[in-house]
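Understanding the architecture of this molecule
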Amino acid sequence: MIEQMNEIAEEMPQDSRSEEDKGFARSSSDTPPKNVHTLNRKFLINKLNHLNFSAIPVELLFCSSEFAHTRSVMAHPQPCSSERCDFVWAEKAGPEGAVPSGYQLDSIRINLEDQQLIVIEPEDYQMGPEGLTFILPKQARIFEVDPEISETAKDITCTVSQSGIAASGELVSFSESALMVRLRDSAGIRWIEGDYPVHVTLSNSEEPVYSEICRVDSAFSSRSDRCFSLGIGATSVRRYRSRQFRSSRKSLEMSPRVSFRHPLSGRTIERRIGDLSGSGFSFLDEKGTCRLPAGLIIPRVELFFPDYADLKVKAQVIHHTPDSTEGSVRYGLCILDIDPQDHLVLLSLVHQSFDIYASLCKKVDLERLWRFFFESGFIYPEKYTLLQRQKEEIRASFEKLYTQRNNVARHFIYQKDDDILGHLSMVRFYERTWLLHHHASAGMRGRNAGISVLHQVGSYVNDSCRFGRMNLDYMMCYFRRENHFPNRIFGGLVDYAKDRKICSDDEVAYCSLRSESTDLREDPLWSLEEANEDDYIRLNCFYEEVSGGLLLNAMHLPPFADLEISNREVREAYRELGILRDIQVRALKHNGRLTAIFIVNRSDTGINLSELTNSTTLFLLKPELISKEILSRAFTNLCREGVNSLSPVLVFPRESADKVGVEYEKIYVAWVMDTMIGDKYFEHIQSILRTVKP
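Reference entry: report on the structure contained in this document.

Parameters and conventions
Residues numbered from 1 in each chain as written. Predicted model: local features only at pLDDT ≥ 70, side-chain atom pairs only at ≥ 80, totals over all residues. Heavy atoms only, no water. Salt bridge = Lys/Arg side-chain N within 4 Å of Asp/Glu carboxyl O. Buried < 20%, exposed > 50% of the residue type's maximum accessible area, 1.4 Å probe, protein only. Helix = DSSP H or I, 4+ residues; strand = E, 2+ residues; numbered from the N terminus. Core = buried A, V, L, I, M, F, W, Y, C linked by side-chain atoms within 4.5 Å. Contact = heavy atoms within 4.5 Å. Expected span 1.5 Å × (residues − 1). Phe/Tyr/Trp six-rings, centres within 6.5 Å; stacked < 30°, edge-to-face > 60°. Lys NZ or Arg CZ within 6 Å of the ring centre and 35° of its normal. Polar contact = N/O pair within 3.5 Å; in protein donor to acceptor, adjacent residues only side chain to side chain. Pairing = 2+ DSSP bridges.

Side note on the pattern of salt bridges
Where charged atoms from two side chains of opposite charge come close, those side chains can pair. Tallying each qualifying case throughout the model produces 35 salt bridges. With a shortest N-O distance of 3.2 Å, Arg500 and Asp505 are connected by a salt bridge. By relative accessible area, Arg500 is classed as partly exposed at 27%. Asp505 gets classed as buried once you look at its relative accessible area, which sits at 13%. The residue Glu529 makes a salt bridge to Lys589 at a minimum N-O spacing of 3.0 Å. Taken together, the residues span a long stretch of sequence, with Glu529 in strand S30 (residues 526-530) and Lys589 in strand S31 (residues 581-590) at a distance of 60 residues. The network of salt bridges with common partners includes Arg481, Arg500, Asp505, Asp506, Glu507, Arg654, Glu655 and Asp658.

Written out as structure tokens, the structure reads:
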């Protein structure tokens, strides 16, 4: 805009009149304007036609001939093709007309979005009940508005409260450091004292966009309301708790841009993004005209990346700081909400900017991936013996999870040219819990690749766990103690955290129960029924006493969650991909007394190659009352309800399997981590693997 204006502008000639004599001092500030230029009539005609096309009114300033008083009236310009220009009042005029007698037209003011002001001083005009007609001068002035001057707000309501007393009104104007609010006369307004801070909430028609503590700088009253000038002391706000390992930010070579409407004024702002991460971004405002107070929420922000789809986020201004160039300001914003698929695109760009071989959820050549699984030894002969019977079903599941857009699976791959060197994936196992699995690397050749994908997962969790739509409260995995690497990584983190409420591990016995020819219905003393609220309370008390860990939290069970809602949401997410996923809970009782709980997970074959997503977790609360035969008969009941008879059973506590006499093949560790402990995760990884950087 300014470049185009400079082409048709010339330096303002010297004039002996003061700015006040010219009428400029009656504008919103006494600060002298900067870089005054003139515009010719041709430009003015084009600008007025643009305003007419966009239905944007302009400000007409009238001055009293008797008193030092001005009156502002809004009017819509009509189509213009010559020096004659017509305006129609924006609001219907009263009996006295839009302007009372004794007021003369001083100037027409057009505010431009790039913080410039056009001032037109008409040579002659005629005013009537419908509007006004005047002759355009040959030249008009254009000023660069000082960034410190407040900007007019548009349709923003406000609530100001102090010590429990609240008053409502509207936001009049704002800058980065101050707010001008007009509060309606009420009982509450009389209790607001200037010596104490106030809490201010600003809202548009849909939601709050600002809520911070301000100081009262000054106040003045009119007949029906009271205006307050409120000072904003903070140049930054804390959105996240302080962390040592923050999201890594990177300046991308592709020069992405950010665009949004200012929440308080409605004008469009577009700037080049400086640096970017999975949780936020920054940009430089060279003119210092954005006026974004720290804490301001921007409901809709668009991020533009060349060759990629535009990403839409909700963001909040975290800080604004003066930059090295005079008058420029650097803003830092955090992302409050983003669509999961958009977030994948954003994280993929960030991850690859740090390591071009690291990819997140890119489309995979599945034949190359299967070759990697076999050649790396991830699928060993004994494992393949179990898998080969259902290999077509497994292939079908992988095709859906790895090639279709979805919100239930994520995969991290380290690949150089045609060679996959490292792989790690995760699936949404419970409502807000993801199962980490299928970690593999190409031997010594892919050793660093195995570390890289672990670091990728950590970064992904660190950047995603705060977004509610990601459903990422917990991470879990299963491993065996004898496998040195996962035991050192995951088991070691439990020891390092020293708090089983943020990271825990529980040993479970991995076994198979054979179905019997008879089920429990033939024994009147035993029953297998749907768990009720009392059963869940007893289960939680039992687990808390035995373990005190996070396994039940990860399963999202009552009484702390609604199982039906959780089950329905998870089931629907998989159903959209054409994959079965279901969770059922059954209580085994003897004479009405709870003895065991079955958590039955059902899914299509191949989601997890060890069938952990198609398994049953068995909590033995009273092993002394249960026999192996009773468990087998209970399992028969479950099989008749649709449970795969070949699915594994995970028994907790592991020692109870011995008490009941259940033979088990392996001992697995069920590991769970609260995703909000990112610092401890990275500290632990860094202490073990010096090549991993946060």
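There's plenty left to go through after this.
Some words on the nonpolar core
Core analysis: the biggest nonpolar cluster contains 149 residues, and Leu179, Leu202, Leu230, Phe281, Ile597, Phe619 and Trp671 have the highest contact counts within it. When residues of this core are assigned to their parent elements, the largest contribution, seven residues, is made by strand S26 (residues 419-430). Ignoring sequence-local partners within four residues, the contact set of Leu202 consists of Ile156, Thr157, Cys158, Leu171, Leu179, Pro208, Val209, Tyr210 and Leu264. If you look at the next biggest cluster of nonpolar residues, it comprises 28 residues, including Leu39, Leu48, Trp89 and Tyr103.

Comments concerning helix H11 (residues 563-575)
The terminal C-alpha atoms of H11, which comprises 13 residues, lie 18 Å apart, in line with the 18 Å expected from a rise of 1.5 Å per residue. Against S26, helix H9 (533-546) and S31 lie the buried residues of H11.

Here's the deal with the packing of aromatic side chains
Under the defined criterion, the tally for this structure stands at 19 aromatic pairs. Here the aromatic rings of Phe87 and Phe134 are separated by 5.4 Å at their centres, their planes lie at 15°, and the arrangement is stacked. Pair noted here: Phe87 is in strand S5 (residues 84-89) and Phe134 is in strand S9 (residues 131-135), with a separation of 47 residues, a long-range link. Neither residue differs from the other here; Phe87 and Phe134 are each classed as buried. Chaining the aromatic ring pairs together yields one cluster made of Trp370, Phe372, Phe373, Phe378, Phe398 and Tyr402. Its guanidinium or amino end placed over the ring of Tyr430, Arg581 lies 5.9 Å from that ring's centre, counting from NZ or CZ. Over the aromatic face of Tyr510 sits the side chain of Lys666, whose NZ or CZ is 5.4 Å from the ring centroid.

Some points on H9
Three- or four-residue spacings in an α-helix give side chains the same orientation, since the helix completes a turn every 3.6 residues. Relative to the 20 Å expected for 14 residues at 1.5 Å per residue, H9 spans 20 Å between its end C-alpha atoms, a close match to the ideal helical length. Here H9 starts with a cap whose side-chain oxygen sits 3.1 Å from the backbone nitrogen of Asp534, and that cap is Asn532. Looking one or two residues past H9, Gly548 carries a phi angle of roughly 75°, positive in sign.

Some thoughts on the environment of Leu609
Following the sequence through the fold, Leu609 ends up in the loop between strand S32 (593-603) and strand S33 (616-620). For Leu609, a relative accessible area of 4% translates into the label buried. With 222 residues separating them in the primary sequence, Leu609 and Leu387 have C-alpha atoms 7.6 Å apart. Those residues within four positions of Leu609 in sequence are excluded, and the remaining contacts are Trp370, Phe378, Ile379, Lys383, Leu387, Ile394, Phe398 and His438.

Brief notes about the pairing of strand S27 (residues 433-441)
Here S27 lies mainly inside the structure; seven of its nine residues are buried. With seven bridges connecting them, S26 and S27 associate as antiparallel partners. Paired with Tyr430 across the strands is Thr433, a residue of S27. Linking two consecutive strands that pair antiparallel, namely S26 and S27, is a turn of two residues. Relative to strand S28 (residues 474-479), S27 runs parallel, the two being bridged by three bridges. Bridge pairing in S28 places Leu435 opposite Met476.

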